[in-house]
Amino acid sequence: PNVSDDGKVTCEEENPSLKVEKSGNGPIDAGEDAVFTIKVTNNGPGVARSARLQDSLPGGTAGPWAITTQPGGAPCTISSGSELSCDFGDLQPGQTVTVRVKAPTSRERCKRYDNTATAVAENAPEVEDDASVRCDKPPNLTLNKKANKKKVNPGGRVKYTITVKNTRK
């Protein structure tokens, strides 16, 4: 005799809800570090399985990007000078992980740095957020030195007024 049973499989695990938030520290002045802070949160209700972060950091800085803050166990690396990659493992509902990166700027390497971070988990769709850091050009200083007298006798005194102006607009 043939016997059959219409069995059912029920997935009891609820889906996670990932969120990524990216912010920059701008505006900054030339010579200051450009900094991006990236937060990945699992808003639940399920566990985010094998959560990952990918971020192609912007070029044009005065030096390479460096990781300054990341979760314990150092799950993040930067390859090729600008490819940030993090493997966070499973993120529990309500859990947030934070990664902070920085790169130096200079007078010659000062611009707007636009960037997008992407987070994904095996059981959650890709989410992304973008941010910018605006690096303002360095000041354009002028110096004016003026004496209170045009001619001075030997041993005479002269007072100088020195004025420094920033003409950057």
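Our subject is the structure that appears above.
Here we summarise the structure given alongside this text. (Residues numbered from 1 in each chain as written. Predicted model: local features only at pLDDT ≥ 70, side-chain atom pairs only at ≥ 80, totals over all residues. Heavy atoms only, no water.)

## Side note on the packing of aromatic side chains
Step number 1: Tallied over the full model, the rule gives one aromatic pair.
Step number 2: When the ring centre of Phe36 is taken as reference, the NZ or CZ atom of Lys22 above it lies at 4.4 Å. (Phe/Tyr/Trp six-rings, centres within 6.5 Å; stacked < 30°, edge-to-face > 60°. Lys NZ or Arg CZ within 6 Å of the ring centre and 35° of its normal.)

## Looking at unusual backbone geometry
The general pattern is negative phi for most residues beyond glycine and trans for most peptide bonds.
Step number 1: Across the junction of Gly26 and Pro27, the peptide omega takes the value 0°, indicating a cis bond.
Step number 2: By the secondary structure assignment, Pro27 is in the loop between β1 (18-24) and β2 (28-29).
Step number 3: Of note in this structure, Ser50 is not a glycine but carries a positive phi near 50°.
Step number 4: Take Ser50: it is sitting in strand β4 (residues 48-56).
Step number 5: For Ser50, a relative accessible area of 26% translates into the label partly exposed.
Step number 6: Notably, Ala74 is not glycine yet its phi reads approximately 50°, a positive angle. (Helix = DSSP H or I, 4+ residues; strand = E, 2+ residues; numbered from the N terminus. Buried < 20%, exposed > 50% of the residue type's maximum accessible area, 1.4 Å probe, protein only.)

## Concerning the pairing of β4
Step number 1: The pairing of β4 with strand β7 (residues 83-91) spans seven bridges and is antiparallel. Directly across from Arg52, in β7, lies its bridge partner Asp87.
Step number 2: Pairing of β4 with strand β9 (residues 112-121) involves four bridges; the strand directions are antiparallel. If you follow Asp55 over to β9, its bridge partner there is Ala117. (Pairing = 2+ DSSP bridges.)

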